[in-house]
Amino acid sequence: MGFGGGEASPEGIFFSYVGGEAADIREKLGFGASAPSVGFRATALEGRNAPLPSMFLQWYNRPTESPAARNAAQYRVTMELNDLQAQRQAKLERLRDAGLNPYPTRSSRTHSIAAALADFDALATSESSLTLAGRIVGARRVMGKIAFAHIEDGSAGIQLWISRAEVGDEAFLRFRDDLDTFDIVEVAGVLRLTQKGERSIFVRSITILAKTINPPPEKWAGLSDVEERHRQRYLDLIVNSERRDIFRARARTISTMRSVLDARGFVEVETPVLQPIYGGAAARPFTTYHNQLGQNLYLRIATELYLKRLIVGGFPGVYEISKNFRNEGVDRSHNPEFTMMECYQAFADYRDVMDLVEVMLREIALAVTGGTLVPYQGQQLDFGRPWPRISMAQAILEQTGIDIAQIHEIDVLHAAMNAANLKVERKGTWAKQVDEIFSEYVQPLLIQPTFIIDYPVELSPLAKRKPEQPAFTERFEAFIVGMEIGNAFSELNDPFDQEQRFLDQLKDFAAGDDEAHQMDADYVNALMYGMPPTGGLGIGIDRLVMVLTDQPTIREVILFPHMRQRD
RNA sequence: GGGCCGGUAGCUCAGUGGUAGAGCACCUGACUUUUAAUCAGAGGGUCGUGGGUUCGACUCCCACCCGGCUCACCA
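Residues numbered from 1 in each chain as written. Chains lettered and ligands numbered in written order. Predicted model: local features only at pLDDT ≥ 70, side-chain atom pairs only at ≥ 80, totals over all residues. Heavy atoms only, no water.

A. Examining the nonpolar core more closely. Core analysis: the largest hydrophobic core is formed by 48 residues, its most contacted members being Met341, Met360, Leu361, Phe383 and Phe476. Here this core takes 10 residues from helix H13 (residues 350–369), the largest share from any one element. Sequence-distant contacts of Met360, that is, excluding residues within four places in its chain, are made with Met257, Val260, Leu261, Met341 and Ile539. If you look at the next biggest cluster of nonpolar residues, it comprises 26 residues, including Ile113, Leu117, Leu132 and Ile158. (Core = buried A, V, L, I, M, F, W, Y, C linked by side-chain atoms within 4.5 Å. Buried < 20%, exposed > 50% of the residue type's maximum accessible area, 1.4 Å probe, protein only. Helix = DSSP H or I, 4+ residues; strand = E, 2+ residues; numbered from the N terminus. Contact = heavy atoms within 4.5 Å.)

This is how it looks when you write it as structure tokens:
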């Protein structure tokens, strides 16, 4: 088995199937030159971005002399299926030889496995014929005249009970010799309990629906390599079927969030992913380019400024569940693209938003886990009670003895830090130093759902000042297990203050802070038309799902997390 | 980017300078109630890549590639 011939060129990969050479390859593999044609026919796979079979990639990526030599040379295909794949390929050809289509166009199943099991007793008693379909999972246990296996269809699994006397020699031997674990089959039969009492389908006939070429991972250890699990998520989902529950929980998290917001009159909207000016967060963006417009565009880092324009426009409340993109590090709680829900409510402030968060997360916890006590990595999180609301200054005072509400000079702060023997990196400005102390001494301790409120104004260029304490803002962040899950504030609606904040950010940017906020003149213009007092909120969906599904890393709750590209 | 750990059969992993190993998977045979079926047998490897030391390298040295964890920045 293999590809007939191929050529790699600077423009891409061109590949075609050549029958004569394939016959040679078949012979080399012991199939005989007269064996039927091969199963993979790659025709004109063009461009490096085209989806390519993995064995082709292995072939293409094998070590060569140099890129120039690779481009210049005409390669004969030497990549072969590995033994296990070749064996399955041979079985596929045997099925074809027997006149069976290994990839028929349709299934004629009558029940999902879950439906059959739900009605098992009645269907078994009546000996009703039914047809089930699914993937063969786990070991096939084939004895001389009887065989057992399990199939799984996404709704549930059931045991196949195959008697040689019942299905006949030909079908029994075909099951034994030509079908494999992971093949997708359809079985007709009746429901029946085995002697061991397991609910099974006593098979009358069996039909292949899809022949599998790739073998399953090892039976016990399974697919345990973390990288392979993420790269081949499809395989992870097959083998570790409980993993599907994580993504069902993710879907339920989002749908519950929607229903909470919808019920409160928020309107779901969509705003641009491609933005000429990025904003709404402190982060480095991804940059792209529009050819016709001749314009740089940025992938959004947040939806905030567009959503608030819509509050100016008269919506009483809006929300968007968006993919955001931040060109920054990748770790246990960061993926370059991530999902955030942002919502804005007119005539509300950050206290109202805290109430909303408590209600929303309680409902989500109930919907996803069935309760408000949620286990996470050996700890128990309580979503059933009001969250503590602690000011940042108070939290820092409690953990370090330093009162940032009384210290506004960076030098004095540094002196206090030395006196208190704080082991944190020294920062150049008071606000960044406060943030650093908080991150180091407070944040890791915030295990239970907690609101930290009233952030320094320099760290919050879009939040309204506290009237009685103008150096701080009406802002809160929601923390769970030491992770920031949410960020919210009473939105700044004074256009002149907003303009000045942007100007201050520009100074930071000029001073080398490449995460500083951009000037968005149109946003200031919108505020000049008047925005009502507004409470806004952002919630990191991925992190929330991590917490609710007890997962240690963000990659476990993202179906296709970003992975470094393999050369 | 820094630090630590790793890359050996399809999978999970042993192997401290002297012929490349195990379990599982797969293949062949036996077997009419299995649940990781069992029993017997066979096949399967450029030991991540390149260079060096050596009579001899999976093993020691150097460089590189790839991955994981971790630190720093960010949600």
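B. Just the pairing of strand E8 (residues 199–210), in detail. Looking at chain direction, strand E6 (residues 157–163) and E8 are connected through 3 bridges and run parallel. The residue bridging Gln159 from the neighbouring strand is Ser200, located in E8. Inspection of the sheet shows strand E7 (residues 184–193) paired to E8 by 10 bridges, in the antiparallel sense. Across the sheet, Glu186 pairs through a bridge with Thr207, a residue of E8. Linking E7 back to E8 in an antiparallel pair, the connection comprises 5 residues, with Gly197 at a positive phi of about 90 degrees. (Pairing = 2+ DSSP bridges.)

C. Structural detail: the sheet that holds strand E10 (residues 274–275). Ordered in space as E10-E12-E11, the 3 strands form an open sheet in which the pairing is antiparallel. Because the sheet does not close on itself, it has two edges, and the strands there are E10 and strand E11 (287–290). Pairing of E10 with strand E12 (residues 295–299) involves 2 bridges; the strand directions are antiparallel. Across the sheet, residue Leu274 finds its bridge partner in E12, namely Leu299.

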